[in-house]
Amino acid sequence: MTIRIAIAQVNPRLGDLQANMTLYQEKIRQGIKERADLLMFPELSLTGYYVRDMVPNIALSANSPEMKNLAALSRELSFVAGLVEESADHRFFNSAVYFEGGAIRHIHRKVYLPTYGMFDEQRYFARGDRIRAFDSKFGRFALLVCEDLWHPSTVYLAALDGALAILCPSSSPLRGIVDGQPQDDNARYWEMINRGYAETYSLFMIYGNRSGFEDGVGFWGGSEIIDPFGQQIAKAKYYEEDFVLGEVSLDTVRRKRTMAPLLRDEDMDLTINELLRVRGRPAPQPKVQKVRGAKIQRRKKALKVQESKKISRRKRR
Amino acid sequence: MIQIPVNTTLLRRILVAFVRNEVEKTGIRRVVVGLSGGVDSSLSALLAAEALGSKNVLGIMMPYKSSNPDSQAHAELVVQKSAIESLAVDITSQIDAYFECFPEADAKRRGNKMARERMTILYDHSARWNALVLGTSNKTELLLGYGTLYGDMASAINPLGDLYKTQVWALAEAMGVSLAIVQKRPSADLWVGQTDEDELGFSYRDVDRLLYCMVDQRYTRAELMATGFAEPFIDDISRRIMNSQFKRRLPVIAKVSQRTIDRDFRYSRDWGK
């Protein structure tokens, strides 16, 4: 099965939901025109990245009219949106939403919220509490957002949960000037890990970054699709708006896993036990197989003891 | 020996995109920049010309009677090369009129007054011409506090604020700024014979290497000494950075409410853009 994937490397307007909804509609129309099956928008592209105290004003709940409007746009084309989500108990999340066939198919709430250096996400957002693969109409995918990918554990979990492709919306800022390379050093690091994950976990990495500037912070663009052999299927421009397409064939995953069945050989129990040891928690005891009759035998025995006690009391009287 | 990365191709690409994006998103199409004839303002002007088109950049030369005549000649070189718009406004009469009332003022006070007078002229022209004021302060002078608060430090957007002087020189040369400008001794030209490096007591290349390690790479004091920087130099620069922090922040506001500007009232400058 071949999936035609488009990445809209947009430059959203900071804090302007209306303008960005219009941008989404425009790019979805473009995706449909280019016969894309699936369209990726970057992290927080419906709101802009440095939203800060605007968060409560631009948050959308899953059952809001705006979410419904977005869902309606996914009838001809599946797409990933990046937005601020509000939960029923009024926590705000940096969320990626997968829309398909007119509905929300899956939501991933960003787990790892960078709060150091130039980042301040944990001030505004609640952390997501799960890593899950999900079934799209094309196959089993996972959604991870930006910093989530800087923790190998998330890709590991998604791969073990059956994801054949990781969709990663991002709002990654450019930084680090190094001689002798065309891109900033942060871009270089991302390209290295995207390729590393694709080959190590034998899956597709579909990385959608944004472009533009906010308060002097530029976003490096460079969106890309990497196949399980580490080959670049699509690549967007650095530092500019762009719209790229790539054909993803899930048969490639099968071929790579046939040649190198690394996931098959992964020992999850070892990982669990060693993590528990490092964390200072006792390893789980192996479960004793309960024999069905054992309970009945014990009950019978107890009754016998009771009976014999009664008899001995009667005898004594 | 520590080498500061200069990747001029990448810097040029990013900084041109920065000027274009940050200006145009405000709905404005033009910038004004003070042209001192020095390498910083020359570079800033060229970046803006490439980003916005030369006819959308106005370079304003603002000499005082004691300014080095080379300054104006160098500024004119930049104007010719880049084909930007230009204007000359002599500030002698207004500065002298003011100091007639305070004739005892020292060179430093006079220098700061000139810097702030230039700022007011740039802002007036930004209103006159519907433009933004383009900054020229580089990272070295910003970290050391070697600039006039609300004078040359004032601007709307500043493409050089994260470049060390070493990088400004490299990028200016790569973009074709005349070698006469790139290679001359940097000077604020606020009094005759003034040079930055004499005033500071060290060279830009030396302090840039230290700042790169100390600030960008967060070396500890022990690591800095192991790298070969002298203790007194480390101490002097550390002190200058700390003591000039006030120049890099908004004025201190007394917090009395539950929500105070710039403390718990937090929005991006590009809010809505």
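Data block above holds the structure.
Here we summarise the structure given alongside this text.

Basis of the calculations
- Residues numbered from 1 in each chain as written.
- Chains lettered and ligands numbered in written order.
- Predicted model: local features only at pLDDT ≥ 70, side-chain atom pairs only at ≥ 80, totals over all residues.
- Heavy atoms only, no water.
- Salt bridge = Lys/Arg side-chain N within 4 Å of Asp/Glu carboxyl O.
- Helix = DSSP H or I, 4+ residues; strand = E, 2+ residues; numbered from the N terminus.
- Buried < 20%, exposed > 50% of the residue type's maximum accessible area, 1.4 Å probe, protein only.
- Pairing = 2+ DSSP bridges.
- Right-handed = clockwise from strand over helix to strand, strands pointing away.
- Axes fitted to C-alpha atoms, helices over the stretch in contact; angles between N-to-C directions.

A look at the pattern of salt bridges
Pairs may arise between side chains of opposite charge once their charged atoms sit close together.
Then comes step 1: Tallied over the entire structure, the rule returns 40 salt bridges over all chains.
Then comes step 2: Between Asp-53 of chain A and Arg-259 of chain B there is a salt bridge whose closest N-O contact spans 2.6 Å. With one member in each of two chains, Asp-53 of chain A in the loop between strand S2 (38-40) and helix H2 (55-58) and Arg-259 of chain B in the segment after helix H12 (231-243) form a pair that bridges those chains.
Then comes step 3: The exposure class assigned to Asp-53 of chain A is buried, which follows from its relative accessible area of 15%.
Then comes step 4: Given the relative accessible area of 43%, Arg-259 of chain B is considered partly exposed.
Then comes step 5: Between Lys-55 of chain B and Glu-85 of chain B there is a salt bridge; the shortest N-O distance is 3.4 Å. On the criterion of sequence distance, the pair formed by Lys-55 of chain B in the loop between helix H2 (39-52) and strand S2 (57-61) and Glu-85 of chain B in strand S3 (residues 85-88) is long-range, its members being 30 residues apart.
Then comes step 6: Residue Glu-85 of chain B is classed as partly exposed on the basis of its relative accessible area, which comes to 30%.
Then comes step 7: If you follow the salt bridges from partner to partner, you end up with Glu-22, Lys-25, Arg-269 and Asp-270 of chain B in one network.

Quick look at the pairing of strand S1 (residues 30-34) of chain B
All names here are of chain B.
Then comes step 1: Counting buried positions along S1 gives four out of five residues, so the element sits mostly inside the fold.
Then comes step 2: Two elements, S1 and strand S4 (residues 131-133), share three bridges in a ladder whose sense is parallel. Its bridge partner being in S4, Arg-30 is matched across the sheet by Ala-131.
Then comes step 3: In this structure, S1 lies alongside S2, joined through four bridges in parallel fashion. Residue Val-31 lies in a different strand from S2, and its bridge partner there is Val-57.
Then comes step 4: For the crossover from S1 across H2 to S2, the handedness is right-handed.

Focus on the sheet that holds S4 of chain B
Hydrogen bonds along the backbone pair up the strands of a sheet, which may run parallel or antiparallel.
All names here are of chain B.
Then comes step 1: Spatial ordering of the open sheet is given by S3-S2-S1-S4, a layout of four strands whose pairing is parallel. Edge positions in the sheet fall to S3 and S4, since each has one partner strand and no second. Sheet twist, expressed as the average angle between the axes of neighbouring strands with direction ignored, equals 25°.
Then comes step 2: Strand direction decides the pairing type here: S2 and S3, joined by four bridges, are parallel.

Purely geometric numbers; function is a separate question.
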